[in-house]
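Coordinate inspection notes
One letter stands for each residue in the lines below.
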Amino acid sequence: MPSLSIHLLSIALCLSSGFQQGYIASVINQPYKQIQQYINDSWVIQFGQPIGPATLNLIWSFLNVCFPIATIFGQLFANIACAKFGRKKTAILATALYIPGTLLCGLSKYLMPAFELLFVGRIIWSFANGLSSVNATIWIVECAPAKIRGRMASQQEVAMALGSLTTQGLGVLFSTDELWPFNFFPNCLIALINILMFIPIYESPQYIMEKYGDVDMARKALASYHGCSVADESIDQEMRICEESIEKGKKTSDQKVEKPTIKTEYTSNEIMFMPWRSRDQTSQLIRHAAWLGVMVKVF
Ligand SMILES: *[C@@H]1O[C@H](CO)[C@@H](O)[C@H](O)[C@H]1NC(C)=O
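All values reported here derive from a predicted model rather than from experimental measurement.

Attention shifts here to the confidence of the model for the chain. Counting all residues, the mean pLDDT for the chain is 85, and 84% of those residues have values of 70 or more. Contacts for the low-pLDDT stretch residues 256-264, under 50 throughout, to residues beyond four places or in other chains number 12 contacts.

Cis geometry is found at the peptide bond from methionine 112 to proline 113, where omega equals 10°. If you trace the backbone, proline 113 turns up in the loop between helix H4 (87-107) and helix H5 (116-143).

Moving on to the packing of H4 against helix H7 (residues 186-198). Orientation of H4 relative to H7, taken along the N-to-C sense of each, is 165°, at an axis distance of 9 Å. Considering their axes alone, H4 and H7 lie roughly antiparallel with respect to each other. The two elements H4 and H7 cross, and the hand of that crossing is left-handed. Contacts from Lys88, Ala91, Ile92, Thr95, Ala96, Tyr98, Ile99, Thr102 and Leu103 in H4 reach Asn187, Cys188, Ala191, Leu192, Asn194, Ile195 and Phe198 in H7. Residues that form the contact of H4 with H7 fall into these classes: 11 nonpolar, 4 polar and 1 charged.

Thresholds, definitions, all that
- Residues numbered from 1 in each chain as written.
- Predicted model: local features only at pLDDT ≥ 70, side-chain atom pairs only at ≥ 80, totals over all residues.
- Heavy atoms only, no water.
- pLDDT = per-residue confidence, 0-100.
- Contact = heavy atoms within 4.5 Å.
- Helix = DSSP H or I, 4+ residues; strand = E, 2+ residues; numbered from the N terminus.
- Axes fitted to C-alpha atoms, helices over the stretch in contact; angles between N-to-C directions.
- Parallel < 35°, antiparallel > 145°, perpendicular 65-115°, else oblique.
- Left-handed = near helix turned anticlockwise from the far one by under 90°.
- Nonpolar A, V, L, I, M, F, W, Y, C, P; charged D, E, K, R; others polar.

Shown next, in the form of structure tokens:
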């Protein structure tokens, strides 16, 4: 019988990851006419003439495409954030970022002609979503009892559908020139409730061990996730798995064990973003393949 705390974790992660992804992906679909009109009106104020159809098209494509691009940057940042701040703080940080992201999108109407705010908001929001989705996966893998791990991961898909369903519902009500920002605003309340849900949940035992080496605390966290007492036998087993994986991680970093994957002497960040540093053939190959992958995903 899964514990209360694992249920709460599951719902909180669904809201902050899958639900938000569905929400951002389709929030501008229904009120697109009204938002395009707003961009057009802003353009008149900024440049003294109505926007041409080609330019409007281009701006609209950029508005759509900044979602997957910013998501990828969020995902790249997630590994760093997870190791530095822990799973819980990363989740709260990402969810907190949804609030300015959402607000900027909606407020841009009242700050006319600042249609650029639509972009700024959407980029912050998407970045946070990339961060949150990788963090959620790591947290689930580390904490969920094996029995329900698969179910927890698949619930993200359901949450995604719920997210886009929510925007459809809001779109029916608020797709007018006056009310289109209200497609965004309700998300602030959702994010706020979402943050509160994370507060009573324990940090991942894996991170507690890595960061503080506090066995008692890690056992308490595991017991809370698994819904059993701290002295339970299954906790011993989980602790062993946890310690083994940390041990493995240490070995790789201490002895620089050569991994059986593609060998290159640069870090992935250097390969991707600093081509002038990593100019050997393997790095070039990885870089081209990776960026091609990004492009395929975007377009
Ligand atoms: C922009 O608005 C003007 C009216 O203000 C309209 O004539 C024009 O067709 C609009 N442009 C686009 C691309 O919708």
